[in-house]
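# Working through the structure, step by step
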Amino acid sequence: MRIGIIGAGAMAEGLGGQWARAGHDVLVGGRDEGRTTALAARIGARAGRPGEAARRDVVLAAVPYAAAVPVVSALAGDLAGRTLVDCTNPVGPGFRLLTAGGPSAAERIAAAAPGAHVVKAFNLCHESVWRLTPPVFDGRPLAVPLCGDEGAALESVRRLVRDLGCEPVHGGGLDRAALLEATAAFLIGLWVGEGADAQAIAPPLRYAGI
């Protein structure tokens with residue numbers, strides 16, 4: 001698969017490195033040429049500009065939430081018809097959800113690039129988790145929820161999830177991305193703010209009363 005990554009930070013390195021090792025053609029597109037070239041060399045990818053990354057089959061927006069809408073808006077023409085993966089977390093000081101009361105980050109990104117097929121994914125874990133080969137805990141592969149509206153885009157992202165050694169989970173349409181983002185804010189507050197094991201708050205499926 002031809003994967004473009006917009007950004008050259010930790011998420012780009014964690015996810016992009018795994019996909020490159022899985023045999024995908026990965027291109028990292030960043031504004032800082034030196035940083036982008038160094039990252040691409042570390043993970044076995046190619047280096048380019050954001051516009052080049054935006055013209056690939058699947059595009060990961062690996063930029064901070066504050067930059068996501070302006071960056072995506074500037075590349076909207078290149079992103080038309082592409083699968084655009086949003087891994088951002090709109091979480092501010094005090095683990096506050098910055099989009100509370102309004103559209104989710106994923107919906108704002110979709111509005112900024114109306115021709116793209118946006119899928120919300122990979123936002124529940126720190127970048128260090130994506131460096132694990134594979135992310136398996138107590139014998140169970142990590143489950144990765146996906147929210148999106150377009151079938152082919154979702155199938156592409158499911159494949160990329162499985163290539164990490166994880167299991168994709170259907171989370172509903174893009175209108176449910178706000179719930180996924182709120183979950184991230186809540187979990188980060190538990191992990192970072194309280195030092196709590198957030199995994200312990202939910203019982204196994206057989207006890208869920210379904």
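So, here's what we can say about the structure. Everything numeric here is computed off the predicted structure, so don't read it as measured data.

Rules used in this analysis
- Here, residues in each chain are numbered from 1, in the same order as that chain's written sequence.
- Where local features are concerned, this predicted model is filtered to residues with pLDDT of at least 70; where side-chain atom pairs are given and counted, the filter is 80 or more; whole-chain, interface and lining totals use all residues.
- With hydrogens and water excluded, all non-hydrogen atoms of the structure serve as input to the side-chain values.
- Within this analysis, patches are made of residues with over 30% relative accessible area and no salt bridge. Like charges are joined at 9 Å or less; nonpolar side chains (Val, Leu, Ile, Met, Phe, Trp, Tyr) at 5 Å or less.
- To be clear on the numbers: accessible area is Shrake-Rupley with a 1.4 Å probe, and residue cover counts the displayed protein chains and nothing else.
- Just to be clear on terms, a salt bridge is a Lys or Arg side-chain nitrogen sitting within 4 Å of an Asp or Glu carboxyl oxygen.
- Helical segments are the DSSP runs of H or I of at least four residues, strand segments are the runs of E of at least two, and each set is numbered from the N terminus.
- Multiply 1.5 Å by the residue count of a helix minus one, and that product is the helix's expected span.
- When a residue's accessible area, from a 1.4 Å probe over protein chains only, is under 20% of the maximum for its type it is buried; when over 50% it is exposed; and in between it is partly exposed.
- Note on definitions: a residue-residue contact is assigned when non-hydrogen atoms from the two residues lie within 4.5 Å.
- Here the arc refers to the set of directions running from the helix axis out to each C-beta atom.
- Any pair of nitrogen or oxygen atoms within 3.5 Å is treated as a polar contact; in protein, a donor-acceptor pairing is required on top of that, and neighbouring residues in sequence qualify only through side-chain atoms on both sides.

A cluster of nonpolar side chains, namely F95, W191 and V192, defines an oily patch on the protein surface of about 290 Å² accessible area. Here W191 shows up in helix α9 (residues 177–194).

Look at α9: 25 Å from first C-alpha to last across 18 residues, which is about the 26 Å you get at 1.5 Å a residue. Turning to α9, its buried residues number three or more, namely A177, L180, E181, A184, A185, L187, G189 and L190. Of the surrounding elements, those touching the buried residues of α9 are β5 (83–86), β6 (91–92), β7 (96–97), α6 (105–112), β8 (117–120) and β11 (143–148). G195 sits one or two residues past α9 and shows a positive phi near 65°.

Taking 1.5 Å per residue, 13 residues should reach 18 Å; helix α8 (residues 151–163) reaches 19 Å between its end C-alpha atoms and fits that length. Three or more residues of α8 are buried, namely A153, L154, S156, V157, L160 and V161. Take α8 and look down its axis: the buried residues cluster within an arc of 160°, on one side only. Regarding α8, its N-cap is E150, as a side-chain oxygen of that residue lies 3.1 Å from the backbone nitrogen of A152 further along. The first or second residue beyond α8 is G165, which carries a positive phi of 90°.

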